[in-house]
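Descriptive analysis of the structure
If you want the building blocks of each chain, they are given just below.
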Amino acid sequence: MDNPLNSRTYNTARNIKWGYILSAIQLVLSFISRTIFIYVLGKIYLGVNGLFSNILGVLSLSELGFGTAITFALYKPLAEKDTEKIKSLMRLFRNINRIVAVVITVLGVAIAPFIKYLVKTEQPIDFLVVYYLIFLFNTASSYLFSYKNALLNANQQGYVATKNNLACVVIMMICQCTVLLFFKGNKFAYTAYLITQAVIYLIMYYVLYRKADQLHPYLRDKNVKKLDKADKKAITNRVKALFLGRLGDAAVSQTDSLIISSLIGIAVYGLVDTYVMLTTKILSFVNVLRSSMFGSLGNLIATEGKERQVNVLSALNFMNFWVYGFVSIAFAVLTQPLITLWLGTGYLIDTPSLMLILLNLYLAGQHGGLLSFRDAGGAFENDWATPLIQGGVNLAVSIGLALKIGLPGVYIGSVVSTIIAFVLRIRLVYRKMLGRTMGEYLGKFAVYFLTVLIIGGGLYALSVFVILKEITIVRFTAMTLITGIVPNLVFYLLYRRTGEFEFYVEKLRMLKYSRQLLKDGKKGGNQR
């Protein structure tokens with residue numbers, strides 16, 4: 001019998017466990033640090049913080065997609081324990097990342113004089129370029145050390161990075177909050193905040209870099225062979241497709257903040273950034289599932305038949321429906337009252353914009369399973385045009401409508417472009433990769449979407465017109481309990497007898513069995 005410690009289920013569960021611990025602690029600390037940040041610096045600096053993160057996300061395009069391509073290339077040598085090829089791939093990745101760090105630095109410095117034109121505000125912001133350069137340092141320096149994460153993820157050891165990140169995140173947020181309170185009222189408060197972040201991030205990357213060497217000692221070997229031409233060509237072909245994909249993705253995910261800050265105002269983006277923080281932190285729980293399962297999916301696609309792959313993808317789609325459906329309902333019902341109680345009505349955005357954000361969130365989440373299969377299956381070359389189409393549509397529609405109707409226009413662009421990408425990726429995965437019909441997916445998607453819409457609409461009406469007509473902590477708590485119970489109960493009653501639900505029941509049984517074998521093995525070892 002296989003060692004339970006080496007099973008896909010066990011490794012995935014371990015990665016998920018530690019990912020959830022990190023996400024939970026980050027969520028709590030984010031609320032605390034965001035409150036202190038707003039108290040000390042206000043919504044304009046909140047907007048600057050989010051804007052610079054997105055600008056550097058665009059500059060990270062210079063990575064071209066090598067990280068994903070190298071991770072995919074590592075699956076086979078890891079399965080075959082081909083140490084020499086692993087060393088060659090990691091050496092190539094190291095050299096590439098060094099070049100990327102230099103390119104990001106050069107490009108980042110080159111656009112520094114133009115940063116002020118991306119920040120629309122009635123009052124000038126002191127040291128704006130200094131803030132930007134600290135963000136630039138954080139991004140560029142990460143490429144010097146973090147490339148070994150690819151090996152840990154491909155080898156289903158993501159929990160190692162998560163443990164390291166957990167310690168660093170706790171230390172960093174405590175230090176940053178302390179710095180903000182210490183420098184309150186001082187014009188250098190934000191500078192000190194950013195420098196603290198930069199130093200701790202650098203330590204985090206270095207510690208993880210050394211930990212990867214301990215787990216894989218052969219990474220220290222000086223004698224490393226060059227990759228043969230066939231391997232280099234395969235990676236290059238994937239990178240070409242991935243870069244175009246990343247370009248399109250950046251035009252979707254990184255440009256909304258630029259459009260809002262430059263056309264509508266940095267203070268408005270400061271409001272939006274709080275919603276972005278809430279959705280990001282909550283969905284980090286979902287992303288734990290996807291990233292933790294990614295290495296297992298790559299192994300599955302490499303070793304299992306099409307029928308098994310279809311069953312696993314159906315289960316992934318079901319999970320995305322349940323999680324993103326519940327999250328979308330909860331955010332629609334609870335976000336505005338939460339921010340009212342937490343920060344005040346001055347930090348609310350309009351309800352149509354919020355609903356558009358949540359619609360886009362659900363649609364993007366629902367095709368997360370398709371993206372996971374595309375990436376794990378290495379089908380990058382067949383999807384290169386989709387992000388470009390999505391990005392072009394997003395930019396054109398968002399800019400045009402933002403000038404006419406303001407903030408809602410930005411998110412109409414996001415929804416339209418996401419729908420287009422969604423349909424194209426259903427076609428790629430179901431028709432081309434799995435040999436199935438698009439209708440097989442769309443039928444279930446329609447049922448899932450109607451379920452979310454009906455439950456969400458009912459709870460929203462209950463909240464706005466009855467329970468939270470007057471917003472108090474007691475009423476909000478009651479509505480939170482109702483929102484937490486009702487959607488999940490209805491989902492369970494409707495779908496408990498489906499094959500997708502049974503898939504996860506079986507996985508839980510397997511996990512319980514693996515843990516029991518591990519427990520029995522430890523007992524046997526102690527007795528000997």
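First things first, this report covers the structure right here in the doc. (Residues numbered from 1 in each chain as written. Predicted model: local features only at pLDDT ≥ 70, side-chain atom pairs only at ≥ 80, totals over all residues. Heavy atoms only, no water.)

Let's talk about a nonpolar patch on the surface
- Together, Leu 481, Ile 485, Val 486, Leu 489, Tyr 492 and Leu 493 give the surface a local cluster of nonpolar side chains, amounting to about 550 Å² of exposed area.
- Tracing the sequence through the fold places Tyr 492 in helix H18 (residues 473-495).
- Overall, the relative accessible area of 37% leaves Tyr 492 in the partly exposed class. (Patch = residues over 30% accessible without salt bridge, like charges linked within 9 Å, V, L, I, M, F, W, Y side chains within 5 Å. Areas by Shrake-Rupley, 256 points an atom, 1.4 Å probe, with all protein chains shown as cover. Salt bridge = Lys/Arg side-chain N within 4 Å of Asp/Glu carboxyl O. Helix = DSSP H or I, 4+ residues; strand = E, 2+ residues; numbered from the N terminus. Buried < 20%, exposed > 50% of the residue type's maximum accessible area, 1.4 Å probe, protein only.)

Looking at the nonpolar core
- Among the nonpolar cores identified, the biggest contains 103 residues, and Phe 52, Tyr 190 and Phe 321 are the most heavily contacted of them.
- For this core, the element with the highest residue contribution is helix H12 (residues 306-342), accounting for 18 residues.
- Once residues lying within four places of it in the same chain are set aside, the contact partners of Tyr 190 are Phe 37, Leu 41, Tyr 45, Val 48, Asn 49, Tyr 131 and Phe 135.
- Counting residues in hydrophobic clusters, the runner-up holds 18 residues, among them Ala 73, Ala 150, Leu 219 and Ile 235. (Core = buried A, V, L, I, M, F, W, Y, C linked by side-chain atoms within 4.5 Å. Contact = heavy atoms within 4.5 Å.)

Re the pattern of salt bridges
- Considering all chains together, one arrives at 5 salt bridges under this definition.
- For Lys 87, the salt bridge identified is with Asp 221, shortest N-O distance 3.1 Å. With Lys 87 in helix H4 (residues 83-111) and Asp 221 in the loop between helix H8 (189-215) and helix H9 (229-253), this residue pair connects regions lying 134 residues apart in the sequence.
- Relative accessible area serves as the criterion here: at 32%, Asp 221 is assigned to the partly exposed category.
- Between Glu 440 and Arg 436 there is a salt bridge, with the nearest N and O atoms lying 3.4 Å from each other.
- One salt-bridge network, in which partners are shared between bridges, spans Glu 84, Lys 87 and Asp 221.

Points about the side chain of Thr 335
- Mapped onto the fold, Thr 335 is located in helix H12.
- For Thr 335, a relative accessible area of 3% translates into the label buried.
- Beyond its immediate sequence surroundings of up to four residues, Thr 335 is in contact with Tyr 275, Leu 278, Ala 330 and Leu 354.

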